[in-house]
Each structure stands twice: as structure tokens, then as C-alpha cells.
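The chain contents come next:
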Amino acid sequence: GAVVSQHPSWVICKSGTSVKIECRSLDFQATTMFWYRQFPKQSLMLMATSNEGSKATYEQGVEKDKFLINHASLTLSTLTVTSAHPEDSSFYICSAWNRDSLYEQYFGPGTRLTVT
Amino acid sequence: QKEVEQNSGPLSVPEGAIASLNCTYSDRGSQSFFWYRQYSGKSPELIMSIYSNGDKEDGRFTAQLNKASQYVSLLIRDSQPSDSATYLCAVKKTSYDKVIFGPGTSLSVIP
């Protein structure tokens, strides 16, 4: 299978600060990446779809000015949580399509964000 | 009607038994079907993909697809305690569409 990495794996930040999470496809080119959020014991929630070289498409109810997504290369997408608040504390997971495998979708290990 | 439905569980099976996980989907035009396993506190891991009607086997896992009934299942033979996790069913209409996930079924394998 394809490998997707995320950094950092966990982060603690103070309310009002910004946090950047990186997502990389290590052994394939990912023209499309996805960002999910998951609260404890709840389902995955798709936040946005990120296409290389173009603006991200956000799901309904997700604030694009708060969750900034940049997909500048075929192997890297970043999610920046701006002016974080405690309610933004969650498990953020990126995912990427491997177009060499019928667009199977592979997940990164996730980033656990805690805002104090 | 939700796009992808699964029994939430928990489904409990004894060690060594067959665990049967079911999923139904609403879009008859769906073409690609996936099963992911998610351990508590971890991200989902792709364990099976199936694209045509019938069975697909990979080790202890067998995925079954019936497009006429809009039904996908995952069988886990010789269940082990390490199989205890949430299993997510996922569906795509075409290769270029985003994956739609079901809510997941929690499986507990009892030693």
C-alpha cells in the first residue's frame, strides 16, 4: 500500500495561536488529498478536499478562513488551524489518493491537537 | 436515507469464530468499495478493496459484493483479539469521486 505521513503526531497549543499540520505522500504522487477531523467515539468528518495547485474545496459548515489548506506540491499538503480555540481540539487526519491504485485512499497516522 | 449504512455494534464474537460485518449503500451507480479498520486512537487502515460482484479473499479476510442488492460485507475468519477495532465501509461512485464512509461497526473479539 501507499504511505502517507503526518507531522506532528500530536501538538498542544494555547488558545489564539495557530498550528500547522503537514501531510506527505511518501511513495506516490498525490494530486488530491483530503483532510478529516474526528472527535472521540465519532465518525470521520471530511473537512476539505485539497487539489495540487488549486484552492481547496471545503465541506459545508467548515470555515475556510479558520482552516487554511495549501497543496503546493504533488507530495505535500498543509492544514493550518488559525486562532485555535479549545473546541478545535480533535484528531486531524489527512488522506491521499493513489492514482496508481484505482484511486484507493490511504490515510496518514493523524495529528492529535489539544488547545488549552 | 444515509448514503452508507452499517450496524454500529458492538459486535462481539469469540476468538476463532467468523465475524461478519455488513454494509448497504444507497447510490446504485457506485463502483468502488472499501473496508477500513480503525483501532482506537489511530487512523483508518485500508484492508480490502472490491470492485466487481462476488467474493475477494485476502488471508483471513473476505469481502463480498452484491451490486444488485447494494450490499457489501466483510468476513473475518479465525477472529483474533487483535481484530478488535471499528470497521468502516466506504463507497465511491467513480475513481474521481470522494469516498463516502459509513459510521463504522465496532467489533470485539473475546479471548
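As a reminder, the structure under discussion sits directly above these lines.
Within each chain, residue numbers correspond to sequence positions counted from 1 in written order. Here chains are named by letter from A upward and ligands by number from 1 upward, in the order in which they appear as written. In view of the model being predicted, local features appear only for residues whose pLDDT reaches at least 70, and side-chain atom pairs are presented and counted only at 80 or more, with totals across whole chains, interfaces and linings using the full set of residues. Side-chain numbers come from the whole structure's heavy atoms, not from hydrogens or water.

Caption draft 1: Region of the structure containing the sheet that holds strand β8 (residues 76-81) of chain A. Residues and elements named next belong to chain A. Taken in spatial order, the 4 strands of this open sheet run β1-β3-β8-β7, and their pairing is antiparallel. Looking at the sheet topology across the chains shown, the edges are occupied by β1 (4-7) and β7 (67-73). Averaged over all pairs of adjacent strands, the angle between their axes in this sheet comes to 15°, without regard to strand direction. Where β7 and β8 come together, 5 bridges link them in antiparallel fashion. Looking at β8, one finds that Phe67 is bridged to Val81. Paired strands, in this sense, are two strands between which DSSP finds at least two bridges. In DSSP terms, a helix is any run of H or I states spanning at least four residues, a strand is any run of E spanning at least two, and both are numbered starting from the N terminus. To obtain each axis, a line is fitted to C-alpha atoms, and for helices this fit is confined to the stretch in contact; angles are then taken between N-to-C directions over 0 to 180 degrees.

Caption draft 2: Expanded view of the packing of aromatic side chains. Side-chain rings of Phe, Tyr and Trp (the six-membered ring for Trp) are treated as a pair once their centres are within 6.5 Å; stacked means planes under 30 degrees apart, edge-to-face means over 60, and tilted covers the remaining angles. Applying the stated criterion across every chain, the model contains 9 aromatic pairs over all chains. Seen in terms of ring centroids, A:Phe34 and A:Trp97 are 5.2 Å apart; in terms of plane orientation they differ by 70°. Their pairing is edge-to-face. One end of the pair, A:Phe34, is in strand β4 (residues 32-38); the other, A:Trp97, is in strand β9 (residues 90-98), and 63 residues separate them in sequence. Across the pair, exposure class does not vary: A:Phe34 and A:Trp97 are buried alike. Members of the aromatic cluster, connected to one another through ring pairs, are A:Tyr36, A:Phe107, B:Tyr36 and B:Phe101. A ring is scored as having a charge over it whenever the NZ atom of a lysine or the CZ atom of an arginine sits within 6 Å of its centre and within 35 degrees of its normal. For A:Arg112, the ring lying beneath its charged end belongs to A:Phe91, and the centroid distance is 4.3 Å. Residue placement shows B:Arg60 over the ring face of B:Phe61; its charged tip is 5.7 Å from the ring centre. Between buried and exposed lies partly exposed: a residue is buried under 20% and exposed over 50% of the maximum accessible area for its type, with that area taken using a 1.4 Å probe on protein chains only.

Caption draft 3: Highlighting the sheet that holds strand β8 (residues 71-76) of chain B. Residues and elements named next belong to chain B. With antiparallel pairing, 5 strands are arranged side by side in an open sheet as β1-β3-β8-β7-β6. Each edge of the sheet is formed by a strand with only one pairing partner; in this case those strands are β1 (4-6) and β6 (54-58). Between one strand and the next, the sheet's axes are offset by a mean angle of 20°, whatever the strand orientation. Sheet topology note: the β6/strand β7 (residues 61-66) ladder contains 5 bridges and is antiparallel. Bridged to Gly54 within β7 is Leu65.

Caption draft 4: Representation of the nonpolar core within the structure. Counting residues in hydrophobic clusters, the biggest one holds 42 residues, and the most contacted among them are A:Tyr36, A:Leu113, B:Tyr36 and B:Phe101. Take this core: its biggest share by element is 6 residues, from β9(A). Among all residues touching B:Phe101, those that are not within four sequence positions of it are A:Tyr36, A:Leu44, A:Gln105, A:Phe107, B:Val4, B:Tyr36, B:Leu88, B:Cys89 and B:Ala90. Among the buried residues, those of types Ala, Val, Leu, Ile, Met, Phe, Trp, Tyr and Cys that are joined through side-chain atoms within 4.5 Å form a nonpolar core. Judged by nonpolar contacts, the second largest core, of 23 residues, contains B:Val4, B:Val13, B:Tyr25 and B:Met48. Contacts were defined at the residue level, with two residues in contact if any of their heavy atoms lie within 4.5 Å.

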